[in-house]
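# Breakdown of the fold
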Amino acid sequence: MSKILPLTGDHAASESMRQINPDVVAAYPITPATEIVMSFSQIVANGLADTEMVPVESEHSAMSACVGASASGVRTMTATSSQGLALMWEVLYIAAGMRLPIIMHCVNRALSAPINIHGDHSDGMGARDTGWIQIYCENAQEVYEMGIFAVRVAEHKDIMLPVMVNQDGFITSHAIEGVKMFEDADVKKFVGEYVPNMPLLDVKNPVTFGPIDLQDYYFEHKFQQAQAMRDSKKRIVELFAEFNKFSGKKYELVEQYKMEDAEIAILALSSTCGTTRVVVNELREKGIKAGMIKIRVFRPFPMDEVAAACKNLKALAVLDRADTCSGEGGAVFGDVCTAIYNLNEKKVPAINYVYGLGGRDIDEAQIKNIFNELVDIAKTGQVKTVLNYSGVRI
Amino acid sequence: MELKNSKDLPIGGKILQAGNAQEYTTGEWRNEKPVLDKSKCINCLFCWIYCPDSSVYVEEGKVTGFDYDHCKGCGICAYMCPKKCIAMQKEEK
Amino acid sequence: MKKQITEIRFHGRGGQGAKTAADLLAQTALEAGKHIQSFPEYGPERAGAPMRSYVRISDEVIDLHCGVSNPDIVAVIDPTLLSINPPVTEGVGKEGILLVNTNEKPEDIRKKLNFKDGTVYTVDATKIAYEETGLPLPNTAMLGAIIKATGIITIDHLKDQLTKKLGKKLSPEKMAGNIKAITKAYDTAVKG
């Protein structure tokens, strides 16, 4: 019988790490990811995992230690947030470029300045082009399951890319929810033994890692890396099927809620999707054909799946919990528009809402307002303003 | 040299052949080459110690010559030699 | 959909155990087969600062991930918070329950807060805690009163959960004291 434990998002992450029992964890605590590092340290200290825990002096060192450990050929994990992720920056690219299957729990938090410890997607969205696979989780249960799933994705021989499992700071990381646990032995079986391919410490077959790569070969290696990201989409779908057999849980790159006949829809990531689902239900009771699209895997970007989900809509709102400060809208909006513009014959009128920065709550009322706007657009076909903000005093 | 396509390369920029720098004949870069006057050499091995390209041949504790495939002609051996028995000669190409 | 969920808001001061009380309540409900959420509102965390903590309990999966703005139950752990702004009654509807740790009567609290429609319960949880545990930590006693006011969990389940969660941390005497405090608060909470 599987147990249901009261766990915060952070503890759901560290419980998944306990069951995975990685060889090396190098991490530096930072709010709101501190409790992942803290509780996993306790797990190791109590002998419940035989992980080599590397306490480091900064996140730059944490990711550097992860690169070293992973290159040596062992299963490697870490956790961070916000400024910590920002400090890892250059090493994130190195981890991806060296094709090291490191798994990171990233607890999404606002970036300074002004200083703020609460949840938004500024950190994760900033790292969207680092070459890491990005999975965004709605609740603690998903954090737990995706944390386990990520191991298989990262270490798949045709993928070999680092994976970032994202959850919303405080909203998910510090809220206790019931999390249905798998048996330790089942998780062990599902993740399997990591068999590295051409690791650094195989002294009988010496290899060179990280050599200089100039005009003659750098481009080929980057193309190869980008192609691995493109190809990973298909592999992730296959792995979802395998995870389904293991857990009974059905996961997709893009989750659609009441989209079969939806005329208007909100597309979002992470915990906001849950609240949106509640509002969709309310609107459906009133006969409004509303739906919700949730992007679970943001990198690789599920272009075809997003376009297909939006195909029959009359109006779409894309929610971004981070501002690109590009003068235009959010990152998710840009990618979604690229998908719709390139792949759909009918152009759905789409608007962007930037919301929830610095942990500003997004409640049902805000989501209802956005749906009301969509009802108008669906009726008239007219978009008043493409870029909008929800919940800010302008 | 024929360049490989991305599909034919090991992932992550790894080099799978150990010591393949040997195939790279940096000796072609040289303008001047070191020449040893064995009669003056006391086999102190300073040249061997200082050579940045491991291009001084030593057998049984004695300097026997230079690896001209890899010596870049930097001249540090000649500079450091206490007996000044290494001369840098202009490379004839 | 939403009304299938019971939403509870705790008002306390940092260090009084409002978060522990919320977690205990949620975890007890979870053990009883309910779906739960328990999350504090993190502000400037320091001992003595006013803080809120929230619990959602439901028979169905809880999708909502926003703050609780219309709680069904408000539990005020520290009576000095009755004068804070926004008031502790913020967002409480006609069916709402207000539970206050005080030695005053429900009618007086109702008048003081100009709280007209809902139900008011009072319990002198600090006194009970002091008598039973020797410490002015009223959080466990407040849970006893919440059970009286709502029946959302049972006393036996709460006792089990308390033993499970704090059994290692508290001495047997303190544990027995806390359990007594729960029962006493249950018995002495007054409705008005």
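### So, the overall build of chain C
Scanning chain C from N- to C-terminus turns up six helices and seven strands. Counting from the amino terminus, chain C carries its helices and strands in the arrangement β-α-β-β-β-β-α-β-α-α-α-α-β. Against the compact-globule benchmark of 16 Å for 192 residues, chain C has a radius of gyration of 15 Å, which places it among compact chains. With the C-alpha coordinates aligned to their principal axes, the bounding extent of chain C is approximately 40 × 40 × 35 Å. In chain C, of all internal contacts separated by at least 6 residues, the share reaching a separation of at least 24 is 65%.

### Here's the deal with the overall build of chain A
If you tally the helices and strands in chain A, you get 13 helices and 15 strands. Here chain A has a C-alpha radius of gyration of 21 Å; the compact-globule value for 394 residues is 21 Å, and the two agree. On the principal axes, the C-alpha backbone points of chain A span a range of 70 × 55 × 45 Å. Across the 394 residues of chain A, 58% fall into the buried class. In chain A, the proportion of contacts linking residues at least 24 apart, taken out of those at least 6 apart, comes to 81%. When the accessible area of chain A is evaluated, it comes to approximately 15,800 Å², of which 54% is carbon and sulfur surface.

### Looking at the packing of helix α7 (residues 140-155) of chain A against helix α9 (residues 218-247) of chain A
Residue and element names in this part refer to chain A. In contact at an axis separation of 10 Å, α7 and α9 are set at 125° when each is read in the N-to-C sense. For the element pair α7 / α9, the angle class is oblique. Judged by the sense of rotation from one axis to the other, the crossing of α7 with α9 is right-handed. Mapping the contact onto sequence places Glu145, Met146, Phe149, Arg152 and Val153 in α7 and Ile236, Leu239, Phe240, Glu242 and Phe243 in α9. When grouped by side-chain class, the residues that make up the contact of α7 with α9 number seven nonpolar, no polar and three charged.

### Points about the packing of α7(A) against helix α8 (residues 184-191) of chain A
Residues and elements named next belong to chain A. Where α7 meets α8, the closest approach of the two axes is 9 Å, and the angle between their N-to-C directions is 35°. Facing Tyr144, Ile148, Phe149, Val151 and Arg152 of α7, the residues of α8 in contact are Val187, Phe190 and Val191. Here the residues of the contact of α7 with α8 sort into seven nonpolar, no polar and one charged.

### A closer look at the interface of chain B and chain A
Taken together, the 14 residues of chain B in the interface contact 17 residues of chain A. Summing both partners gives a buried area of about 1,500 Å² for chain B against chain A, and 62% of it is carried by carbon and sulfur. For the chain B face of the interface with chain A, the top three residues by lost area are B:Ser6, B:Ile11 and B:Lys14, together amounting to 38%. Inspection of the region where chain B meets chain A yields zero salt bridges. Applying the counting criterion to the chain B and chain A interface returns six residue pairs in polar contact (both at pLDDT 80 or more).

### Quick look at the sheet that holds strand β7 (residues 163-168) of chain A
Residue and element names in this part refer to chain A. Pairing is mixed in the open sheet, where seven strands are placed in the order β3-β2-β4-β5-β7-β6-β12. Of all the strands in the sheet, just β3 (52-55) and β12 (297-299) have a single pairing partner and so form its edges. Neighbour-to-neighbour, the strand axes of this sheet turn through a mean angle of 20°, independent of strand direction.

### Topic: the interface of chain C and chain A
At the interface, 16 residues of chain C touch 24 residues of chain A. Carbon and sulfur atoms make up 60% of the surface buried where chain C meets chain A, a total of about 1,800 Å² over both sides. At the junction of chain C with chain A, the criterion picks out one salt bridge. In this structure, the salt-bridge partner of C:Asp63 is A:Arg277, at a minimum N-O distance of 3.0 Å. Secondary-structure elements contributing two or more residues to the side of chain C that touches chain A are α1 (18-31) and β2 (35-40) of chain C.

### Some points on the side chain of B:Arg30
Residues and elements named next belong to chain B. Summarising the element assignment, Arg30 is placed in the segment before β1 (32-36). Looking at Arg30, the relative accessible area reads 6%, which means it is buried. Separated by 2.7 Å, the side chains of Arg30 and Glu91 make a polar contact.

### Here we look at the environment of C:Asp78
Residues and elements named next belong to chain C. Its place among the elements puts Asp78 in the loop between β4 (73-76) and β5 (97-101). If sequence neighbours within four positions are ignored, Asp78 has contacts with His11, Arg13 and Gln16. One polar contact links Asp78 to Arg13, side chain to side chain, over a distance of 3.3 Å. In terms of polar contacts, Asp78 uses its side chain to reach the side chain of Gln16, at 2.6 Å.

### A few points about unusual backbone geometry
A:Arg299 connects to A:Pro300 through a cis peptide bond whose omega is 0°. Examined against the element boundaries, A:Pro300 turns out to sit in the loop between β12 and α11 (303-310). Geometrically, the link from C:Asn85 to C:Pro86 is a cis peptide bond, its omega value of 0° lying close to zero. Within the secondary structure, C:Pro86 is located in the loop between β4 and β5. The backbone of B:Asn43 shows a phi angle near 55°, a positive value even though the residue is not glycine.

### Comments concerning helix α10 (residues 272-285) of chain A
Residues and elements named next belong to chain A. Taking 1.5 Å of rise per residue, 14 residues should cover 20 Å, and α10 covers 20 Å from first to last C-alpha, within 8% of that figure. Counting buried residues along α10, 12 of its 14 residues qualify, which places the element largely inside the surrounding structure. Gly287 sits one or two residues past α10 and shows a positive phi near 85°.

### Overview of a nonpolar patch on the surface
All names here are of chain B. On the surface, Phe46, Trp48, Ile49 and Tyr50 cluster together into a nonpolar patch covering about 420 Å² of accessible area. Of note, Trp48 is situated in helix α1 (residues 46-50). According to the relative accessible area criterion, Trp48 is partly exposed, its value standing at 46%.

### Describing the pattern of salt bridges
Pairs can form between side chains of opposite charge whenever their charged atoms are close. Residue and element names in this part refer to chain A. Per the counting criterion, the structure on display carries 36 salt bridges over all chains. For Arg277, the salt bridge identified is with Glu138, shortest N-O distance 2.8 Å. Taken as a pair, Arg277 in helix α10 and Glu138 in the loop between β6 (133-136) and α7 lie far apart in primary sequence, 139 residues in all. You'll find Arg277 and Glu138 in the same group, each marked buried.

Rules used throughout
Residues numbered from 1 in each chain as written. Chains lettered and ligands numbered in written order. Predicted model: local features only at pLDDT ≥ 70, side-chain atom pairs only at ≥ 80, totals over all residues. Heavy atoms only, no water. Helix = DSSP H or I, 4+ residues; strand = E, 2+ residues; numbered from the N terminus. Rg over C-alpha atoms; globule rule 2.2 N^0.38 Å. Contact = heavy atoms within 4.5 Å. Buried < 20%, exposed > 50% of the residue type's maximum accessible area, 1.4 Å probe, protein only. Areas by Shrake-Rupley, 256 points an atom, 1.4 Å probe, with all protein chains shown as cover. Axes fitted to C-alpha atoms, helices over the stretch in contact; angles between N-to-C directions. Parallel < 35°, antiparallel > 145°, perpendicular 65-115°, else oblique. Left-handed = near helix turned anticlockwise from the far one by under 90°. Nonpolar A, V, L, I, M, F, W, Y, C, P; charged D, E, K, R; others polar. Buried area = accessible area lost by both parts, 1.4 Å probe. Salt bridge = Lys/Arg side-chain N within 4 Å of Asp/Glu carboxyl O. Polar contact = N/O pair within 3.5 Å; in protein donor to acceptor, adjacent residues only side chain to side chain. Pairing = 2+ DSSP bridges. Expected span 1.5 Å × (residues − 1). Patch = residues over 30% accessible without salt bridge, like charges linked within 9 Å, V, L, I, M, F, W, Y side chains within 5 Å.

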